[in-house]
Amino acid sequence: MKYFLYPIQICILFFENIGQYFLLMSKMFRSISSWKLYFPATLDQMITIGIKSIPIVIIISLFSGMVTSVQAAYQLKTGLVPIWFVGSIVGESVLMELAPMMTALVMTGRIGATIAAEIGTMRVSEQIDALESLSFDPVSFLILPRILAAAVMFPILVIVADCFGIIGGLFAAVNAMDVSSLEFIRGLRNWFRPWDAWFGLIKGLFFGVAITSIACYQGFYTTGGATGVGRSTTATVVISCVAIVFLDYILAAILL
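Thresholds, definitions, all that
Residues numbered from 1 in each chain as written. Predicted model: local features only at pLDDT ≥ 70, side-chain atom pairs only at ≥ 80, totals over all residues. Heavy atoms only, no water. Helix = DSSP H or I, 4+ residues; strand = E, 2+ residues; numbered from the N terminus. Buried < 20%, exposed > 50% of the residue type's maximum accessible area, 1.4 Å probe, protein only. Polar contact = N/O pair within 3.5 Å; in protein donor to acceptor, adjacent residues only side chain to side chain. Contact = heavy atoms within 4.5 Å. Expected span 1.5 Å × (residues − 1). Arc of directions from axis to C-beta. Patch = residues over 30% accessible without salt bridge, like charges linked within 9 Å, V, L, I, M, F, W, Y side chains within 5 Å. Areas by Shrake-Rupley, 256 points an atom, 1.4 Å probe, with all protein chains shown as cover. Salt bridge = Lys/Arg side-chain N within 4 Å of Asp/Glu carboxyl O. Phe/Tyr/Trp six-rings, centres within 6.5 Å; stacked < 30°, edge-to-face > 60°.

Draft legend 1. Seen up close, the side chain of Lys203. Along the chain, the position of Lys203 falls in helix α8 (residues 194–220). Owing to a relative accessible area of 1%, Lys203 belongs among the buried residues under this scheme. A polar side-chain atom of Lys203 sits 2.7 Å from the main-chain carbonyl oxygen of Met96. Setting aside residues no more than four positions away along its own chain, Lys203 makes contact with Met96, Glu97, Pro100, Asp248 and Leu251.

Shown next, in the form of C-alpha cells:
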C-alpha cells in the first residue's frame, strides 16, 4: 500500500510547489508598480547577471559556432551540396538554437545557483524575516530586481552569443576547411530571415525569466539551514534545465 501512496504524494507535492510558485510570481507582478524604488538594485543585478557574464558567454558561443561549422562541413563532404551551405547551417543553428540554449544552460549554473544560494542563505539566517519586521516587502526588494534585470539582460547576452557564435563558425570554416569568408557569408545571407534572430531573442527573454524566477522561488522557501541551501541550489539547476528544454519546445511549436 505504501508503494502505491508514494507516487500520489509526489504528485501532490509537485502541484503544491507549482501553486506556491505562481502565488509568489503573482506577488511579484503586483509589486511591479514600485520598480522605481528598487531601480538601483535592478542596475546592480543587471551588472551581475549581464555584464559579468559576457566573458563566459563569449567563450561558449565561440566554440559552439566552431563545432557547428566543423560538423556541418563534415556532413557536406559528399559533394552533393555546395560547401557554402556551411554558412547557412551555422547561421540558422546559432541564431535559433545554440545561442539562446547554450547561454541559458550556462547561466543556469552561474546565475540561477547564485541567486538561490543568496536568497536561501538570507532565509535560513532570518534576514528575510528582519526585512519584513522593518516593513520591507521581501518580494519587491529581493525578487523583482533580479527578474527585471534578467528580462533585460538575457536578450542582450543572446545577441552577444549570436555575434561570437557566427564569428567562431567563420573562423573554423576559413582556417580548418576549404571555405572562403565570402562563401561563408554568402551562405549566411542566403538563408537568413529577420524572424530567426527575433525568435532567438524571445527565447532568451523567456529563459531568463524562467531561470531567475525558479531560483528566487527555491531560495525564498529554503528550509533546513546550510543543508537546505545546498538542496535549493541543486534543485534550481535541475529544474531550470528541465524548464529550459520544455520552453524551447513550446516556443518553437507556437512561434515557428
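Draft legend 2. Inspection of helix α3 (residues 54–75) at higher detail. A rise of 1.5 Å per residue sets the reference length of α3, with its 22 residues, at 32 Å; its end C-alpha atoms lie 31 Å apart and thus fit the reference within 8%. For α3, the full list of buried residues reads Val57, Ser61, Ser64, Gly65, Thr68, Ser69, Ala72 and Ala73. The arc enclosing the buried residues of α3, seen along the axis, measures out at 160°, which places them on a common side. Residues of α3 that are exposed and point over 90 degrees away from its buried face: Phe63, Gln71 and Tyr74. Tucked into the core, α3 has its buried residues touching α4 (85–124), α6 (138–176) and α7 (181–191).

Draft legend 3. Region of the structure containing a nonpolar patch on the surface. Residues Phe29, Ile32, Trp35, Phe39 and Leu43 make up a contiguous nonpolar surface patch of roughly 460 Å² in combined accessible area. By secondary structure assignment, the location of Leu43 is in helix α2 (residues 39–49). Classification of Leu43 as partly exposed rests on a relative accessible area of 37%.

Draft legend 4. Structural view of the packing of aromatic side chains. Applying the stated criterion across every chain yields a total of 8 aromatic pairs. Between Phe220 and Tyr221 the ring centres are 5.3 Å apart and the planes differ by 80°, which places this aromatic pair in the edge-to-face class. Accessibility expressed as a relative area gives 6% for Phe220, which makes it buried. One aromatic cluster is present, formed by Tyr21, Phe22, Tyr217, Phe220 and Tyr221 through successive ring pairs.

Draft legend 5. Highlighting α4. An ideal rise of 1.5 Å per residue puts 58 Å on 40 residues; α4 measures up with 55 Å between its terminal C-alpha atoms. Residue Glu126 follows α4 closely and has a positive phi angle near 65°.

Draft legend 6. Layout of the side chain of Ser31. Along the chain, Ser31 turns up in the loop between α1 (2–30) and α2. According to the relative accessible area criterion, Ser31 is buried, its value standing at 8%. Side chain to side chain, Ser31 and Ser140 meet in a polar contact 3.2 Å long.

Draft legend 7. Structural view of the pattern of salt bridges. Enumeration according to the criterion identifies 5 salt bridges in this entry. Glu118 is paired through a salt bridge with Arg146; the nearest N and O atoms lie 3.0 Å apart. Of the two residues, Glu118 is situated in helix α4 and Arg146 in helix α6; the sequence distance between them amounts to 28 residues. Given the relative accessible area of 35%, Glu118 is considered partly exposed. Note on Arg146: relative accessible area 7%, which makes it buried. Residue Asp196 is joined to Arg193 by a salt bridge in which the shortest nitrogen-to-oxygen separation is 3.6 Å. Asp196 sits in the buried class, given a relative accessible area of 1%. Connected through shared salt-bridge partners, Glu97, Lys203 and Asp248 make up one network.

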